[in-house]
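Per-entry structural report
Here are the chains, one letter per residue:
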Amino acid sequence: MIRMKGLWLSMLAISAVITGINLNNIQVSAKAKGLSNTQVNAILTKSKLYRPSKIKPNQETTFDVFLKPKNESQYFQEALDVNTPGNSQFKHYLTPTEIGNKFGQSNSVITGWTSFLKKHGLKTTVSKNKRIIFVSGKAGSIGKLFKTNLNSAKYHHNPFQFGKVGPKFPKNLSKSLLAFVGMTDHSYNNAFPNTDLQLAETRPSIHKLGGYTNRFTKTYHLSSILKKGFNGKKNTVGIISFEGIHKSNAFHFWEHEHASISPARYTVKNVQGNFFNPKMISNDSGEATMDVEYAGSVAPQANIRMYRQKSGMPTFLNTVNLFNMAYDENKVSSLSSSWGLQSNRTNALMQKKGMLPKQYLDILSLTFAQGDIQGISTFSSSGDTGAGEYYVKQIKKNQAILGHSVHSNDIITTNPWLTSCGGTTLPYSYTGSELGNSTFGNISNKSERAWGSNLLNVLKNKPELLKKYPRIRMNLTTGGGGFSEIYATPNYQKGVPGVNTFNARKLLTKYNYPIFNAPLISGTGQGRNFPDISANADSWTGYIIYQKEKGQSPWSVGAGTSIVGPQMAGAIADLNSGRSTRMGFLNAQIYQLATTQNSPFNPLNSTTDNNNMYYTGQPGTVYNQASGLGTVNFEKLFEEYK
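Residues numbered from 1 in each chain as written. Predicted model: local features only at pLDDT ≥ 70, side-chain atom pairs only at ≥ 80, totals over all residues. Heavy atoms only, no water.

Let us now look at the packing of helix H12 (residues 286–298) against helix H18 (residues 564–576). Packing of H12 against H18 leaves a shortest axis separation of 8 Å and a crossing angle of 25°. Of the possible angle classes, the one that applies to H12 and H18 is roughly parallel. In this structure, H12 meets H18 at a crossing whose hand is right-handed. In this structure, H12 contributes Asp-291, Tyr-294, Ala-295 and Val-298 to the contact, and H18 contributes Pro-566, Gln-567, Gly-570, Ala-571 and Asp-574. Among the residues making up the contact of H12 with H18, the classes are represented as 5 nonpolar, 2 polar and 2 charged. (Axes fitted to C-alpha atoms, helices over the stretch in contact; angles between N-to-C directions. Helix = DSSP H or I, 4+ residues; strand = E, 2+ residues; numbered from the N terminus. Parallel < 35°, antiparallel > 145°, perpendicular 65-115°, else oblique. Left-handed = near helix turned anticlockwise from the far one by under 90°. Contact = heavy atoms within 4.5 Å. Nonpolar A, V, L, I, M, F, W, Y, C, P; charged D, E, K, R; others polar.)

Quick look at the structure:
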């Protein structure tokens, strides 16, 4: 699992923050040198498990009641209609209350639920969309109602059952239920893989490798928009987070970048959810700091609002609650998340074990589509493990057996109702890179390319480094992209050149050994293609962030696709400040624009030195699975976007 904290990084993108940093000019610790290839192989195939803290009967906890929407097919159609030029409903965004009146449950059903739950000693809050009831109360009261113990609860075929037998609920309420969410958050079986492996710390020379906000704004033609005064004013950018920040770091950075330092500019909304393990909570997160700083510098006059869950672990309940709160408030015009929810294959295993309701994918889509209906542009990082992720094949006692597949992808970033952000590497030249006591020469990149490891050619020329420093294999980070096998190809992608076809070079084995001189292969795929758009994410051309750490320089380099999403959200806030209505769900338009003569996108379609360690370019098309539609020219997007 990857959890970014103070720029120390664990290895596997299995369950949490999607981010990444490459090896560059770093001194490897003695502990790192001592790992053998056999030990690294074991780390890549096995993992210990995080398990939730036990809950006592008198402790407070929460769960959600998700109700069925009225006319679900029309609900999703509405999300497309209000974002598609030429449709009679185009830009007729709805408020959360209007969505509730049109697609939510009746007041009588809502009252029935809240009254019933209140009789059992539980407190309720109803969302404006009339589809979600947030419930809180003592674990003992919840267990008594559902005839279960929350420390061992499991989902069954009966949606009301979590123990050996199911409870009795009024029939008129049963008909309206989609699923209960969060009932197993304290269950011992609700395990998360934990590689708990620290790589060598990355503190490269900021003068050689790092850039500030203008690295993004100049490269992607946003500077001209900012010069016109379209700087995010009267817009709010939302940041989804499971960790906190010291806001003094963000304000110091914003002042350095000539962005607003109005005290009211940054706010935090703490969102109801379940604790996982109190010891895992971070109030000074490198990931969250990076997200807030760059969203607020790319949109220098926009407000920044963090939606935070103090869990330290993105359980399904905590994740959907964060998004639902952001949409329910309807304060933000764009929203970014750098956190994932494990791969589709891991979640399928957890659902089979009774830790997730079978409707979990539908709940995600209903959640994100609400943002689209409201005209909120939602962005998610595509991941830093290239084509596919490590996933949990099986659980044996306190250990996870891991697999890896190009068909294993996070269930959030591949969702078709948000915009998935991939990574690139900018042109650069770097001399005299060092690893331990070994100098392995110069590294260069002549043109912007899909984010793939820059160490591949180095290792080809000096394969002995693989034996001397086996951990190199665990740092071949690269932008996420490929095909999702759990979501159908969305209509906006159908017929777009490059979608559902691919070129690829298999450059890594399942143990992350490099494969040199890999041939180009071609084929077809199906499902949701991702990412949608891309921008610089490689630490070789990374971004300087400010975060005070005891005994260390506060200025350091951050990177990964998790810095792309906040910058995209900030850029959309800038564009929104120059428009009369929100830009809304981008995907409904950008795939159309990409096929026009004056496309605002630059597809990265070379088949050499342009890959995410598997997928590469598709010459003559407008889309590939390594970088999506490519990079954005925001000046053109501002002109062409309806």
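Quick look at the environment of Lys-56 now. For Lys-56, the position within the fold is in the loop between strand S1 (46–50) and strand S2 (60–67). Residues Lys-56 and Leu-150, spaced 94 residues apart in sequence, show a C-alpha to C-alpha distance of 9.0 Å.

Before going further, it helps to examine the side chain of Thr-62. For Thr-62, the position within the fold is in strand S2. Engagement of the side chain of Thr-62 in a polar contact is seen with the side chain of Asn-274, the distance being 2.8 Å. Those residues within four positions of Thr-62 in sequence are excluded, and the remaining contacts are Val-135, Ser-136, Gly-182, Gln-272, Gly-273, Asn-274 and Leu-317. (Polar contact = N/O pair within 3.5 Å; in protein donor to acceptor, adjacent residues only side chain to side chain.)

Attention now goes to the packing of aromatic side chains. As enumerated under the stated definition, the model contains 38 aromatic pairs in all. Where Tyr-212 meets Trp-555, the ring centres are 6.0 Å apart and the plane angle is 75°; that geometry is what we call edge-to-face. Of this pair, Tyr-212 sits in the loop between helix H8 (206–209) and helix H9 (213–219) while Trp-555 sits in strand S26 (residues 555–558), placing them 343 residues apart in sequence. Ring geometry for Tyr-591 against Tyr-623: centres 6.2 Å apart, planes inclined by 35°, an arrangement best described as tilted. You can see Tyr-591 sitting in helix H19 (residues 587–593) and its partner Tyr-623 sitting in the loop between strand S27 (601–602) and strand S28 (631–632), a full 32 residues away along the chain. In terms of burial, Tyr-591 and Tyr-623 fall into one category: buried. Counting every residue linked through ring pairs, the aromatic cluster contains Phe-63, Trp-113, Phe-116, Phe-146, Tyr-155, Phe-160, Phe-162, Phe-169 and Phe-180. A cation over a ring is seen here: Arg-265 above Trp-254, with NZ or CZ 4.3 Å from the ring centre. (Phe/Tyr/Trp six-rings, centres within 6.5 Å; stacked < 30°, edge-to-face > 60°. Buried < 20%, exposed > 50% of the residue type's maximum accessible area, 1.4 Å probe, protein only. Lys NZ or Arg CZ within 6 Å of the ring centre and 35° of its normal.)

Turning next to the layout of surface pockets. Taken as a whole, the largest pocket encloses approximately 630 Å³ of empty space. If you trace the largest pocket, you find 29 residues lining it, with Arg-449, Asn-457, Thr-608, Asp-609 and Asn-610 closest to the centre. At the level of secondary structure, the elements contributing two or more residues to the lining of the largest pocket comprise strand S18 (443–445) and helix H16 (456–461). Counting residues per element, the lining of the largest pocket draws most heavily on H16, at 4 residues. Considered class by class, the residues forming the lining of the largest pocket number 9 nonpolar, 14 polar and 6 charged. (1 Å grid on protein atoms, 1.4 Å probe; cavity = no way out; pocket = protein on both sides within 12 Å on 5 of 7 lines; lining within 4 Å. Points joined across faces, edges and corners; volume = space filled by probe spheres on them.)

Purely geometric stuff here, so don't read any function into it on its own.
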